[in-house]
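# Structure assessment
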Amino acid sequence: MQAYKDQIRAFIINNFLFDSEENTLENDASFLEQGIIDSTGVLELVEWLEDTFAMKVEDDELIPDNLDSVDQLAQFVARKKT
Amino acid sequence: MCGIAGYFNLQASPEPSLSLLERMIWSLRHRGPDGFGFFQNEQVGLAHARLSIIDLEGGWQPICNEEKTIWVIFNGEIFNYLELREQLIKRGHRFTTNSDTEVLVHLYEEKGENFVEELNGQFAIILYDIRRCSILLARDRMGIRPLFYTFHQGRFFFGSEIKAIFSADATIPRAMNPCALQDIFTFWSPVATETIFQGVSQLLPGHTLKVDRQGIHVQRQYWDIDLHVEESAGSPEELAEELRELLIDAVRLRLRADVPVGAYLSGGLDSSTITSLIRHYTTNPLKTFSVVFEDKVYDERDQQALIVDYLNTDHHQVACNYRTIADAFPKVVYHAELPVLRTAPTPLYLLSGLVRHHGYKVVLTGEGADEILGGYDLFKEAKVRAFISRQPDSSYRAMLLKRLYPYLALSPTRSASYARQFFATDITPDADLFYSHQLRWKNGEFLHRFLADEFIQSNYSPLAAITESFKDKLTDLHYFKRAQYIESRLLLGNYLLSSQGDRMAMAHSVEGRYPFLDHRVVEFAARLPMRLKMKGINEKYLLKRAMSDLLPREILNRTKQPYMAPDILSFFGAHPPDYVEHFLSESALRDSGMFKNDVVLNLVAKCRKKARQGFRENMALVGILSTQILYDLFIANWLVEHPDTLPNTRVIVH
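One structure accompanies this document, and this report is about it. What you are looking at is a predicted structure, and each value in this text was computed from that prediction instead of being measured.

Cut-off values and rules
Residues numbered from 1 in each chain as written. Chains lettered and ligands numbered in written order. Predicted model: local features only at pLDDT ≥ 70, side-chain atom pairs only at ≥ 80, totals over all residues. Heavy atoms only, no water. Helix = DSSP H or I, 4+ residues; strand = E, 2+ residues; numbered from the N terminus. Rg over C-alpha atoms; globule rule 2.2 N^0.38 Å. Buried < 20%, exposed > 50% of the residue type's maximum accessible area, 1.4 Å probe, protein only. Areas by Shrake-Rupley, 256 points an atom, 1.4 Å probe, with all protein chains shown as cover. Lys, Arg positive; Asp, Glu negative; His and termini not counted. Charge placed at Lys NZ, Arg CZ, Asp CG, Glu CD. Contact = heavy atoms within 4.5 Å. Disulfide = S-S within 2.5 Å.

## Structural notes on the overall build of chain A
Looking only at helices and strands, chain A features four helices and zero strands. Going residue by residue from the N terminus, the α and β elements of chain A occur as α-α-α-α. At 12 Å, chain A has a C-alpha radius of gyration in line with the 12 Å of a compact globule built from 82 residues. On the principal axes, the C-alpha backbone points of chain A span a range of 30 × 25 × 20 Å. Within the span of chain A, comprising 82 residues, buried residues form 55% of the whole. When the accessible surface of chain A is totalled, it reaches about 3900 Å², and 42% of it is carbon and sulfur. If you average the places of the 6 positive and of the 19 negative side-chain charges in chain A, the two averages end up 8 Å apart.

## Thoughts on the side chain of B:His48
Residues and elements named next belong to chain B. Following the sequence through the fold, histidine 48 ends up in strand β3 (residues 44-50). The class of histidine 48 is buried, set by a relative accessible area of 1%. Residue contacts for histidine 48: discarding those within four places in its chain leaves Cys2, Gly3, Ile4, Ile25, Gly35, Phe36, Gly37, Gln61, Ile73 and Phe74.

## Looking at the state of the cysteines
Summed over the entire model, instances satisfying the criterion amount to zero disulfides over all chains. Looking at the unpaired B:Cys133, the closest cysteine sulfur is the one in B:Cys64, lying at 17 Å.

## Notes on the environment of A:Phe18
One can find A:Phe18 in the loop between α1 (2-17) and α2 (39-52). Owing to a relative accessible area of 0%, A:Phe18 belongs among the buried residues under this scheme. Excluding its chain neighbours within four sequence positions, the residues that come into contact with A:Phe18 are A:Ile13, B:Phe446, B:Phe450, B:Asp598, B:Val599, B:Asn602, B:Leu603, B:Lys606 and B:Glu617.

Don't take any of this as a statement about function, it's just geometry.
Written out as structure tokens, the structure is:
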């Protein structure tokens with residue numbers, strides 16, 4: 001699980017925050033509420049998830065409960081991979 | 001159409017030489033290449049760069065009254081000058097020219113400062129009253145023509161563009177204004193009278209400003225878009241007819257010129273409307289001008305061809321691709337004098353070049369229709385959100401969001417749940433003064449991530465500033481009208497009419513005229529109920545109805561396509577221009593000191609990897625690049641040009 005979190009954090013920071021100071025992102029921060037991801041960003045995120053973890057994100061899985069923070073994403077990936 | 005510049009001494013000053021005025025006006029020669037006029041005495045200096053459109057022989061400025069006690073320079077057009085002139089002659093005024101400028105001095109004699117209320121036009125005016133030892137600055141109602149000023153060492157400087165002010169005196173400070181950059185990176189424009197340069201202010205649209213020995217007075221508003229007025233009671237048929245008659249008259253007035261007048265044609269409803277009205281109700285030989293894009297995503301040539309065939313116009317087009325946009329972009333920033341978050345002004349810069357190439361100096365355009373008659377997606381989005389917020393649990397209502405933004409409609413369930421979150425549909429319209437704009441601004445705040453902590457004013461809040469500036473105007477208004485007011489006053493005035501309008505056209509000495517922004521049309525539209533502006537989610541409903549027999553069905557039924565140009569694609573595609581690497585290099589970023597280097601460099605790396613990016617990345621990259629170019633041109637490497645002699649000049653020393 002920690003490995004997923006690190007990988008996801010790195011992606012979010014590099015791609016959406018452009019920030020090298022990693023401590024600015026809390027693992028439970030909501031991407032939507034904090035304006036970290038916009039609507040085109042969600043598509044970018046899903047594309048990356050599918051490529052990186054060799055998995056398919058189904059339409060009904062595309063909900064904020066699965067994708068809206070580093071913690072939620074890591075849990076989602078872990079569930080999909082088991 | 002012209003450029004104006006000058007100064008007013010508030011304290012006794014050493015006699016300035018004419019060369020100060022020459023430097024100022026020479027920097028505006030693109031606005032008026034046909035001649036330069038000057039007036040100078042111990043108190044003021046007035047300079048005028050002339051583009052001859054009305055009264056080709058007699059239209060020299062400055063111009064004065066019979067007693068030579070009132071002098072005026074002015075940039076723009078007074079469309080009702082013939083009517084005003086006739087009234088003034090009846091009251092005993094003697095005219096020495098046929099120009100619209102002369103109307104101003106006599107009207108001022110009659111009405112004093114309130115003379116502006118009589119004018120139908122687009123103007124920036126400087127009036128010097130020798131008896132009162134004062135000057136009066138005035139700007140048109142919607143902000144079509146620009147006017148800037150600053151105060152430095154006992155002297156008040158003014159000009160059509162900021163470059164004229166910076167050309168006057170090397171000791172005038174030139175520094176970037178952090179608050180304005182924070183504003184621009186939120187709203188796309190500075191708030192209120194601020195500009196991107198510290199200490200330089202703009203005269204607001206619909207305002208006058210008096211300067212005399214006592215000092216610089218407070219800007220006085222003489223007109224505003226009043227959306228609090230009672231709504232019109234007429235039937236849709238009657239109101240559509242009234243709108244059409246008003247637009248015909250607004251077009252007719254704007255074709256008054258002693259040179260031929262052309263029209264811009266985008267392929268959308270607004271410019272097609274103007275072009276059709278010219279064709280059907282005037283005898284003007286019609287030349288039309290368009291931008292076409294190599295990249296199909298942005299191109300509207302098919303729609304343009306449709307309307308050209310329908311109205312049989314003599315049509316010309318300029319082709320844009322990534323390279324032409326990138327090549328012209330630094331010049332665009334030089335003329336805009338403002339950081340821009342999109343490259344969209346660039347094709348309009350190229351388009352005015354095309355117009356000039358064909359020997360035309362004046363074009364009519366459809367600008368303003370979206371604001372006053374309810375055309376923007378933003379209005380539609382607010383309406384849909386408000387509709388959903390009444391029944392937040394209805395999944396059927398949430399589906400409407402997908403009709404607005406097709407990219408969300410990847411599949412039926414794909415983003416309904418996301419869409420509800422993105423569009424904050426649990427907020428009700430009256431809970432937020434800026435209901436319609438808050439989401440867009442939140443997106444803009446993302447750009448603040450790139451600003452250096454050492455540069456910004458950390459205690460400054462753009463949102464607090466805009467609330468202060470707008471709250472009195474927006475209180476008690478329906479959310480749709482609030483959205484219209486914000487769009488008209490913020491984006492239209494400070495971006496569309498300036499960075500994308502006046503500056504891009506005047507860069508090639510071309511004057512834009514805007515029938516939809518005739519104040520009679522604006523006032524009529526302000527009285528319309530929302531259902532006639534946007535019926536359901538059918539935008540500009542009344543305009544479509546008014547034009548139903550004058551435009552092809554395909555144009556009338558077409559969903560509005562937002563005007564855009566390729567952004568990151570122009571700078572990081574197959575042929576990246578050399579300057580991008582320079583302006584976004586670590587050393588250039590360090591020199592300007594406005595941005596967080598590592599954050600910008602990460603964005604640049606992402607763009608290098610892939611030039612097709614989301615909205616926010618595009619705004620950030622273009623915003624940072626244009627700010628860097630602006631810094632280079634106006635702060636670090638500012639250069640004042642001054643030829644040995646100016647061509648074609650007239651000088652009055654009093």
